[in-house]
Each structure stands twice: as C-alpha cells, then as structure tokens.
Amino acid sequence: MPAQQPHRGKKLHIQEVAPRDGFQNEKQFIETEDKIAFIDRLSAAGYAKIEVTSFTSPKAIPALRDAEVVMHRIQRNPDVVYTVLVPNVRGAQRALECNVDEVNLVMSVSETHNQANLRMTRAQSLDQLADVISAVRDSRVAINVSLSTVFGCPMEGDIDPYQVFELVGRFATLGAHGVTLCDTTGMAYPSQVARIARETRKLFPDLALTLHFHNTRGMALANTLAALDEGVDRFDASLGGLGGCPYAPGASGNACTEELVHMLNLMGYDTGIDVQQLLDIGADLPAMVGHDVPSQLLKAGPRSRLHPPPTQGG
C-alpha cells in the first residue's frame, strides 16, 4: 500500500495567464470572439484566477487592442478572480471602468531589464506604479505586483535577493495585496527558489505570494516542487506553455498549465481543475495561434491514457 501523502487534499490556487501573457506575444492577431470564447471555457475549468488582458496602449501591444470589449463580454464566474495588467494610471482607469477584480502591476528587479523592457529606470517605474496604487487603493479592486527577473537577469546575471525583498517591502507599504515573483527567462533553479520563497513568506506573511515560472531550461516543474515545499500555494501558468520573453529567443515560455495540473493532481493536491478539460481546451490552441505549442502533455496525453499492445508480426 502506498504511503499517505502529507499534502493530500491541500488546496492550491492555479492562475491562468495565457489570454494576456501568452496572446500578447503572438504575431497573428487572435480574433476578439475567439478570445472571449477561450476565456469563457477557462472560466468553467476550475481556475482560481485568470489574467484576461492588458490595458496597455494599443500601439504598444496591438495584440490586445480589444481589452475593453473582451473584459465586458466574457461570462464571469463568481468563483474566479479576473485580473488585468495595467502599466499606468490611465490603464488603471480603463480597468476600473471594466469592473475588474484585480490589477496587476509589473516592473523588473534588474535595472537593465527594466530599461530594456519598460523604457524606464527602476525609480521611474516605482513612481509610476505608486501613482497607480494610489488611484486604485480606495476601490474594491485588489492590487498585485509582478516582479520580473527575480531569479536572474539575461543581461546582468544573478540578482541580489535583498533587492527583491526591498522592492516587495516598498510595494507592501504602498498597499499591494499580493506579489508575484517571476522567473522571466527560466534562470531559476530549485534550491534558489526555496531560499527566496522561504524568506519572502517569512518577511511578508500578509501578502498573497505567487510564483511565476518559465520552462526555458526545463526546470519549471522542479521549481514548482521547491516552492511547494516552502508553503507556496499560488502558481501562474499558461495553457499550452504559450508566452515567453524576447530576451530568450527561440526558447519555450511559461510553465505549461496542463503539465503543472497533471503533476499536482497525481501528487494529491487539490487544484480544482480536471486535466482532461484543460487538454480539450488546449487542443484548439494551435489552430487559434497558427503554430504548434510547447505542451508535451497535449502530445502524449495524461498518464492514465493507455494504448493497445502492438500488433504481433506474422
């Protein structure tokens, strides 16, 4: 008889980022109706949170130029938190007009990456995001801050963890409700993840902590296990493994939701998600985006899929 798993039944919060993080990287514009139908299917799949879109300038991210239409027309599930990325006060105002549940703010821990990605210094980003928090703080909308390059910068290399903790502390003081630590180009490794997750939970016990891994170097699931061992219970992932970073060209992107859920369900965690439902939704992704997706589970199927024995030769 197998040993009882100590975490059996522990509730985890799986947060889907494909509609924003994934779609914004696609060269082929995904039609608004297709986005809405895709998000509606995700809403019925058992997710804790879905990142729907980005209220960035349509000139900056034309792939998400239909943000208002999508946000207004999706069928919202009361059990799901609908979050959106906002870069500035104008984006926050647009998001509030769409009655979002949460705004997600983004900056990098790395000075070089922040300037390359956002065309601002870290100090300028802090000032801009402080204004966003001030604009949102008195509403019912939650505030999450996603910090990029926490586990390494593709231009600077290693990042001092104390720079991470300092930034988390700044945003906690400003009024953020949650923080996401992002492995922007797949540089994280398990022992590093464990140290940073442990210290973040110890220093900021009142913040909702999310981990956002990329599978660029094949370590997303290993890093997830390290974070789980430190008590982390919130994880971003992207259906099909869509998304990525322009500073890791040719590499795979985000942790793949169906592979993550498949592993966690087998281990006895309560993700609230049926993996076959994800595979059914993910099967339509290649046609939607116009290319194959990184997901290995879409190709192989779940562990429970059995096959007939090969035909014996005569």
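Residues numbered from 1 in each chain as written. Predicted model: local features only at pLDDT ≥ 70, side-chain atom pairs only at ≥ 80, totals over all residues. Heavy atoms only, no water.

By the naming in an unreviewed UniProt entry, the protein goes by Hydroxymethylglutaryl-CoA lyase and is assigned to Achromobacter aloeverae. We quote the UniProt Sequence similarities (unreviewed entry) comment for the protein here in full: "Belongs to the HMG-CoA lyase family." (UniProt positions renumbered as here; feature names shortened; annotations may be inferred.)

A few words on the side chain of threonine 210. Along the chain, threonine 210 turns up in strand β7 (residues 208–212). For threonine 210, a relative accessible area of 2% translates into the label buried. Within the local environment of threonine 210, its side chain forms a polar contact with the side chain of glutamine 15, the two groups lying 3.4 Å apart. (Helix = DSSP H or I, 4+ residues; strand = E, 2+ residues; numbered from the N terminus. Buried < 20%, exposed > 50% of the residue type's maximum accessible area, 1.4 Å probe, protein only. Polar contact = N/O pair within 3.5 Å; in protein donor to acceptor, adjacent residues only side chain to side chain.)

This next bit is on the packing of aromatic side chains. How two aromatic rings sit relative to each other is given by the distance of their centres and the angle of their planes. Evaluated as defined, the whole model comprises three aromatic pairs. Centre to centre, the rings of phenylalanine 23 and phenylalanine 38 are 5.3 Å apart; their planes meet at 40°, and the pair counts as tilted. A residue pair is termed long-range when its members are at least 10 positions apart, and phenylalanine 23 in the loop between α1 (18–22) and α2 (32–43) and phenylalanine 38 in helix α2 qualify at 15 residues. Under the relative-accessibility criterion, phenylalanine 23 is labelled buried at 1%. Centroid distance tyrosine 162 to phenylalanine 165: 5.6 Å. Interplanar angle 85°. Geometry classified as edge-to-face. Here the residue tyrosine 162 and the residue phenylalanine 165 both occupy positions in helix α7 (residues 161–174), the gap between them amounting to three residues, near one helical turn. Overall, phenylalanine 165 belongs to the buried group, its relative accessible area being 8%. (Phe/Tyr/Trp six-rings, centres within 6.5 Å; stacked < 30°, edge-to-face > 60°.)

Our focus in this paragraph is the layout of surface pockets. Put simply, the largest pocket is a space of about 1,100 Å³. Taken together, 49 residues form the lining of the largest pocket, with Arg20, Gln24, Leu85, Asn117 and Leu118 sitting closest to its centre. Tallied by class, residues from the lining of the largest pocket come to 16 nonpolar, 23 polar and ten charged. (1 Å grid on protein atoms, 1.4 Å probe; cavity = no way out; pocket = protein on both sides within 12 Å on 5 of 7 lines; lining within 4 Å. Points joined across faces, edges and corners; volume = space filled by probe spheres on them. Nonpolar A, V, L, I, M, F, W, Y, C, P; charged D, E, K, R; others polar.)

A few words on the packing of helix α4 (residues 89–97) against helix α6 (residues 122–136). Where α4 meets α6, the closest approach of the two axes is 9 Å, and the angle between their N-to-C directions is 30°. One way to sum up the angle between α4 and α6 is to call them roughly parallel. Helix-helix and strand crossings are classified by hand; for α4 and α6 the assignment is right-handed. Between α4, through Val89, Ala92 and Leu96, and α6, the contact on the second element is made entirely by Asp131, Val132, Ala135 and Val136. For the contact of α4 with α6, the residue count by class is six nonpolar, no polar and one charged. (Axes fitted to C-alpha atoms, helices over the stretch in contact; angles between N-to-C directions. Parallel < 35°, antiparallel > 145°, perpendicular 65-115°, else oblique. Left-handed = near helix turned anticlockwise from the far one by under 90°. Contact = heavy atoms within 4.5 Å.)

Moving on to the pattern of salt bridges. Within the structure shown, the criterion is met by eleven salt bridges. Lysine 35 serves as the salt-bridge partner of aspartate 66, at 3.0 Å between the closest nitrogen and oxygen. You can see aspartate 66 sitting in the loop between β2 (49–54) and α3 (67–73) and its partner lysine 35 sitting in helix α2, a full 31 residues away along the chain. Grouping residues by exposure puts aspartate 66 and lysine 35 together as buried. (Salt bridge = Lys/Arg side-chain N within 4 Å of Asp/Glu carboxyl O.)

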